[in-house]
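Okay, here's what each chain looks like letter by letter:
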Number of protein chains: 2
Amino acid sequence: FVFQKIMGANLNQAPVMKALVRVQDLTPEKADQLIWLRARIHTSRAKGKQCFLVLRQQQFNVQALVAVGDCASKQMVKFAANITKESIVDVEALVRKVEQKIESCSQQDVELHIERIFVISQAEPRLPLQLDDAVRPDGEGEEEGRATVNQDTKLDNRVIDLRTTTSQAIFRLQSGVCQLFRDTLTKKGFVEIQTPKIISAASEGGANVFTVSYFKTSAYLAQSPQLYKQMCICADFDKVFCVGPVFRAEDSNTHRHLTEFVGLDIELAFNYHYHEVIDSITDTMVQIFKGLRDNFQTEIQTVNKQFPSEPFKFLEPTLRLEYTEAVAMLREAGVEMGDEDDLSTPNEKLLGRLVKEKVCSLIIHYLMSKYSNSYDMFMRGEEILSGAQRIHNAQLLTERAIHHQIDLEKIKAYIDSFRYGAPPHGGGGIGLERVCMLYLGLHNVRQTSMFPRDPKRLTP
Amino acid sequence: FVFQKIMGANLNQAPVMKALVRVQDLTPEKADQLIWLRARIHTSRAKGKQCFLVLRQQQFNVQALVAVGDCASKQMVKFAANITKESIVDVEALVRKVEQKIESCSQQDVELHIERIFVISQAEPRLPLQLDDAVRPDGEGEEEGRATVNQDTKLDNRVIDLRTTTSQAIFRLQSGVCQLFRDTLTKKGFVEIQTPKIISAASEGGANVFTVSYFKTSAYLAQSPQLYKQMCICADFDKVFCVGPVFRAEDSNTHRHLTEFVGLDIELAFNYHYHEVIDSITDTMVQIFKGLRDNFQTEIQTVNKQFPSEPFKFLEPTLRLEYTEAVAMLREAGVEMGDEDDLSTPNEKLLGRLVKEKVCSLIIHYLMSKYSNSYDMFMRGEEILSGAQRIHNAQLLTERAIHHQIDLEKIKAYIDSFRYGAPPHGGGGIGLERVCMLYLGLHNVRQTSMFPRDPKRLTP
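In this text the structure is predicted, and so the values were computed from the model without any measurement.

**Student:** Would you mind showing me how to read the relation of the copies chain A and chain B here?
**Tutor:** The two chain copies are related to each other by a rotation about an axis together with a translation along it. Under the fitted operation, chain A is carried onto chain B by 0.0 Å of movement along the axis and a turn of 180°, and the coordinates agree to an RMSD of 0.0 Å. When the rotation and shift are considered jointly, the pair of chain copies conforms to a two-fold rotation axis. Within chain A, A:Val212 has its C-alpha nearest the rotation axis, a separation of 2.2 Å. Looking at the interface residues of chain A, 100% of them are also at the interface in chain B, so both copies use one shared face.

**Student:** Honestly, the packing of helix α5 (residues 165-187) of chain B against helix α7 (residues 275-295) of chain B in this entry has me stumped. Any pointers?
**Tutor:** Each pair of packed helices can be summarised by the angle the axes make with each other and by the distance between the axes. Residues and elements named next belong to chain B. Closest axis-to-axis distance for the α5/α7 pair is 9 Å, and the angle between their directions is 135°. By the angle class used here, α5 and α7 are oblique. Note on packing geometry: the crossing formed by α5 with α7 is right-handed. Counted together, Leu173, Val177, Leu180, Phe181, Thr184 and Leu185 of α5 and Thr284, Gln287, Ile288, Gly291 and Leu292 of α7 form the full contact between these two elements. Of the residues that constitute the contact of α5 with α7, the class distribution is seven nonpolar, four polar and no charged.

**Student:** Honestly, unusual backbone geometry in this entry has me stumped. Any pointers?
**Tutor:** Across the chain, the bulk of peptide bonds are trans and the bulk of non-glycine residues have phi less than zero. In this structure, A:Pro460 follows A:Thr459 across a cis peptide bond, with omega equal to -5°. You can see A:Pro460 is positioned in the segment after α13 (432-439). Following B:Glu316, the chain continues into B:Pro317 via a peptide bond in cis, with omega recorded as 0°. Take B:Pro317: it is sitting in the loop between α8 (297-306) and β13 (319-322).

**Student:** What is the right way to look at the pattern of salt bridges in this model?
**Tutor:** When the charged atoms of two side chains with opposite charge come close together, those side chains can pair. Under the counting rule described, the total for this entry stands at 56 salt bridges over all chains. Where B:Arg457 meets B:Asp156, a salt bridge forms, and the shortest distance between an N and an O atom there is 3.0 Å. With B:Arg457 in the segment after α13 (432-439) and B:Asp156 in helix α3 (residues 151-156), this residue pair connects regions lying 301 residues apart in the sequence. Note on B:Arg457: relative accessible area 9%, which makes it buried. A residue is classified by how much of its surface remains accessible, and B:Asp156, at 48% relative accessible area, is partly exposed. Across the salt bridge formed by B:Lys229 and B:Asp265, the nearest N and O atoms sit 3.1 Å from each other. One end of the pair, B:Lys229, is in helix α6 (residues 226-234); the other, B:Asp265, is in strand β12 (residues 260-269), with 36 residues separating them in the sequence. Shared partners join several salt bridges into a network, and the residues in it are A:Arg40, A:Arg56, A:Glu86, A:Arg163 and B:Asp236.

**Student:** Honestly, the pairing of strand β2 (residues 34-47) of chain A in this entry has me stumped. Any pointers?
**Tutor:** Looking along a regular strand, one sees side chains alternate from face to face of the sheet. Residue and element names in this part refer to chain A. The sheet contact formed by strand β1 (residues 20-21) and β2 spans two bridges and is parallel. Paired with valine 21 across the bridge in β2 is leucine 37. As judged from the seven bridges shared by β2 and strand β5 (residues 88-97), these two strands associate in the antiparallel manner. Residue pairing in the sheet places tryptophan 36 in a bridge with glutamate 92 of β5. In this structure, β2 lies alongside strand β3 (residues 50-57), joined through seven bridges in antiparallel fashion. In the sheet register, lysine 47 faces β3, and the bridge partner there is glutamine 50. Hairpin remark: β2 followed by β3, antiparallel, with two residues in the connecting loop; positive phi at glycine 48, about 60°.

**Student:** What is the right way to look at the sheet that holds strand β13 (residues 319-322) of chain A in this model?
**Tutor:** Whenever strands of a sheet pair, they do so through backbone hydrogen bonds, lying parallel or antiparallel. Residues and elements named next belong to chain A. On the basis of which strands lie adjacent, the open sheet formed by eight strands has the order β7-β11-β12-β17-β16-β15-β14-β13 and mixed pairing. The outermost strands of the open sheet, each flanked by one partner alone, are β7 (191-192) and β13. Relative to strand β11 (residues 239-247), β7 runs parallel, the two sharing two bridges. Residue pairing across strands places glutamate 192 opposite phenylalanine 241, the latter belonging to β11. Those strands touched by helix α6 (residues 226-234) are β11, β12 (260-269) and β17 (425-431), and its axis lies near 25° from that of β12.

**Student:** Would you take a moment to explain the packing of aromatic side chains for this structure?
**Tutor:** The description of two aromatic rings rests on the distance between their centres and on the angle between their planes. Throughout the structure, instances matching the rule amount to 24 aromatic pairs over all chains. Look at A:Tyr274 and A:Tyr375: their rings are 6.2 Å apart centre to centre, the planes differ by 10°, and that puts the pair in the stacked class. On the criterion of sequence distance, the pair formed by A:Tyr274 in the loop between β12 and α7 (275-295) and A:Tyr375 in strand β15 (residues 374-379) is long-range, its members being 101 residues apart. The class for A:Tyr274 is buried, based on a relative accessible area of 1%. Under the relative-accessibility criterion, A:Tyr375 is labelled buried at 0%. Positioned over the ring face of A:Trp36 is A:Lys18, at 4.5 Å from the centre of the ring. Here A:Arg38 stacks its cationic end above the ring of B:Tyr272, 5.6 Å away from the centre of that ring.

**Student:** I would appreciate a short explanation of the confidence of the model for chain A in the present structure.
**Tutor:** A low pLDDT means the predicted coordinates there should not be read in detail. Residue and element names in this part refer to chain A. Chain-level statistics for chain A give a pLDDT mean of 90 and a share of 93% at 70 or above. A low-confidence stretch, residues 1-15 (pLDDT under 50), is modelled with 44 contacts involving residues beyond four sequence positions or located in other chains. Interface confidence for the predicted complex, expressed as ipTM, amounts to 0.94; the pTM equals 0.94.

**Student:** Got a minute to help me understand the interface of chain A and chain B in this structure?
**Tutor:** Listed by partner, the interface residues are 127 residues for chain A and 127 residues for chain B. Counting across the interface, chain A meets chain B through eight salt bridges. Between A:Glu124 and B:Arg419 there is a salt bridge; the shortest N-O distance is 3.2 Å. One can count 50 residue pairs in polar contact (both at pLDDT 80 or more) joining chain A with chain B. Ranked by residue count, the leading element in the side of chain A that touches chain B is helix α5 (residues 165-187) of chain A, at 11 residues. Within the side of chain A that touches chain B, the residues separate by chemical class into 66 nonpolar, 32 polar and 29 charged.

**Student:** For this particular structure, what's the right way to read α5(A)?
**Tutor:** At 3.6 residues per turn, the α-helix brings residues three or four places apart onto the same side. All names here are of chain A. Spanning 23 residues, α5 covers 33 Å between terminal C-alpha atoms, matching the ideal 33 Å at 1.5 Å per step. For α5, a buried count of 18 out of 23 residues is recorded, marking the element as mostly surrounded by other parts of the structure. Looking one or two residues past α5, glycine 189 carries a phi angle of roughly 90°, positive in sign.

**Student:** Explain the sheet that holds strand β7 (residues 191-192) of chain B to me, please; I cannot follow it from the model alone.
**Tutor:** Residues and elements named next belong to chain B. Ordered in space as β7-β11-β12-β17-β16-β15-β14-β13, the eight strands form an open sheet in which the pairing is mixed. Each having just a single partner strand, β7 and β13 make up the two edges of the open sheet. Bridge count for β13 against strand β14 (residues 362-366) is four bridges, and the pairing is parallel. When the bridges of β14 are listed, glutamate 322 appears paired with tyrosine 366. The sheet contacts of α5 involve β7, β11 (239-247) and β12, and relative to β11 the element is tilted by about 155°. Across the sheet, helix α9 (residues 323-332) touches β13 and β14, and the angle it forms with β13 is around 85°.

Reading the values: rules and limits
- Residues numbered from 1 in each chain as written.
- Chains lettered and ligands numbered in written order.
- Predicted model: local features only at pLDDT ≥ 70, side-chain atom pairs only at ≥ 80, totals over all residues.
- Heavy atoms only, no water.
- Least-squares fit on C-alpha atoms with pLDDT ≥ 70 in both.
- Contact = heavy atoms within 4.5 Å.
- Axes fitted to C-alpha atoms, helices over the stretch in contact; angles between N-to-C directions.
- Helix = DSSP H or I, 4+ residues; strand = E, 2+ residues; numbered from the N terminus.
- Parallel < 35°, antiparallel > 145°, perpendicular 65-115°, else oblique.
- Left-handed = near helix turned anticlockwise from the far one by under 90°.
- Nonpolar A, V, L, I, M, F, W, Y, C, P; charged D, E, K, R; others polar.
- Salt bridge = Lys/Arg side-chain N within 4 Å of Asp/Glu carboxyl O.
- Buried < 20%, exposed > 50% of the residue type's maximum accessible area, 1.4 Å probe, protein only.
- Pairing = 2+ DSSP bridges.
- Phe/Tyr/Trp six-rings, centres within 6.5 Å; stacked < 30°, edge-to-face > 60°.
- Lys NZ or Arg CZ within 6 Å of the ring centre and 35° of its normal.
- pLDDT = per-residue confidence, 0-100.
- Polar contact = N/O pair within 3.5 Å; in protein donor to acceptor, adjacent residues only side chain to side chain.
- Expected span 1.5 Å × (residues − 1).

Quick look at the structure:
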């Protein structure tokens, strides 16, 4: 990339490397020490011969003061007061214990008395949005006429919006979900696989698939890694998982649809019964939720400050409802439905509420009909996973393809995979953004996608 | 997907669940036990009243025998002899110690005396390739007229080719590379990010980019996550990494080019000097190679049996050559070049050989010219990483874009990211398949891609 090369001969000179302290380490133990710190100017307020700054590093911040006196001239106070918000500065400062806790900062017991200040990177004076506005809970500060920031403004200026405590917490937790998913499965003996995203035939029948121009021909973007996961099972990898982008050319403009999202996918051979697959999937989800509960309380509470929600509850093992039990619960609540009807989305939500009142936010139901070994998983009443035992017989697969009028030539490599011995197997996949949204009780999947893609949004 | 639903009412009956033993656990301690096992028929040879089978699970196999006698009838021996290779069977068998080691199997000290055998999934009789042919080292068995399998046949029938011990080892090691990469960076405080693959503007100037039809407009497939990694640095994530597909519409049909590969990418803010970035990258590579050396010896040796190569050597810390040192070494070896000439590919390879003779296969050189804080990393003389300090000033970025005649409107969101304070930063990325290829001393990147994509290959 042409921008990689920077004119920076001066940076090759031996620099003066001062040890830099982290804001989160500024505690009373550091009192009366002279330290160096690099941080952003979060807020700035000049008042007579003083300038109060709040210095921020990610979710941590500390109050700092430049005051005319022994260490600072009038010019220096003026210089500090003129540094634009969000600029990055290096300061040399004395750490001072404060008598009254500074409620507005994460470091409540100390403040910094600045002796020197250097601008490392200057922000333009007019910010497209104010961080404080972007983290204000809905409705708060309305009477004082404080601005709120709508979602499109946030997403249009995502780099600034991502600096808020809420965004920092969301995406650190999301990083944790991926790590917990992989660590759990690796411990269970699963192998991570990489499946191709450019494919020669639309795997799910041609609807909702993006077309790619591929040299002199056309190709498609994979809507799911399912076929490749299954081929890896036929290739004796036994238990596999993958984490990667999934593409859906669906013109849905809802709170829960993206055209590109991150799929966390599992596939495994089983010995006797597809419930072995359900066991693996549900236990993996439970391990993720236990890991979040135990290691991400700070992040959960940070998000909750802006977006209050009931804590996510789960049972270990996961609550499972057979389809017939689910139907019975719904009927008891007054829903009229046949024994074999599919659950409608409102009925799924109702079922979620009925169960949550009793015990938990995470459930799975299975055996959706007498003829299909399938299962659906729900968080707070919304579907997060739909999986099934797969057909592992080439003959039966061929019959089903013909029945569904799928061009056999296009899925030849897939069907051929089952001709040379294939174990019974099953699997499923979850969407990273949707799981994070529901876990945190958020209401829009764009909040849990760093750079979301939908039919109307391709930037930033 | 339509094939998800399987007609399998019979599978919902309570099955008889026999505890299944793993082939790798068949050791003399199990002698005289009656066990159940599920495995593939690797080879089958009938001889009079006996049928010798080799049963395989992934990289492990064991000899088994069906013989007319107390436990097996003549019909049963015939039945067993007729089971096609690669079929999956359940057997009940007595474990017997053998007097002479069975050299051809991984389990050399025992064999199985089969009492019952069931076919779980039958393979078609004509295999498109023989596993034994596919793992034979080049040139071996030529005088006996044994077949070798060319690469296209292997890739066309990848699901069978992936069952070989070599392929199993390659992709288990590859899974390990990803895990070591992420674990090392997570321990260093890096955050995993997910960057979009569908982008609105060709990030690297428009050449070699795949076009996607996106509803009523066009989009592109990301050639690198670099711009998004940098935006995450501007968004205060400080140190980030990502693992994901990277797309290059380059019509290169070489041993080392793929149109889709897996990028392992790093980006971090630094305090004083871009050498901090080099430190992070080289230490991450060293940790990966230490992890492979310590935990994947079996896999390395398995691959080496088919593809012999010198062991990969590395120093800790990584050997670094300043550009001027590299030039001096090349001149000493008789190469004529100017002080500021770029290293040609043959000269890079020569440099690799010169260094390897002395110490190691992994080197980095940096400060490629007086005007650029950049660095290149090499394994066995081939480039695996090219990185640099980035420009973090919107003004300078704009000037460079104009100089390179890039449409500013198209990279507006990217340039705007640097307007509101941006720390100095740098990074780099490696290709998973290329690193695995070079680590194992293989000669074609298609061997380390499960389902490779090149200008001529889109299936399977």
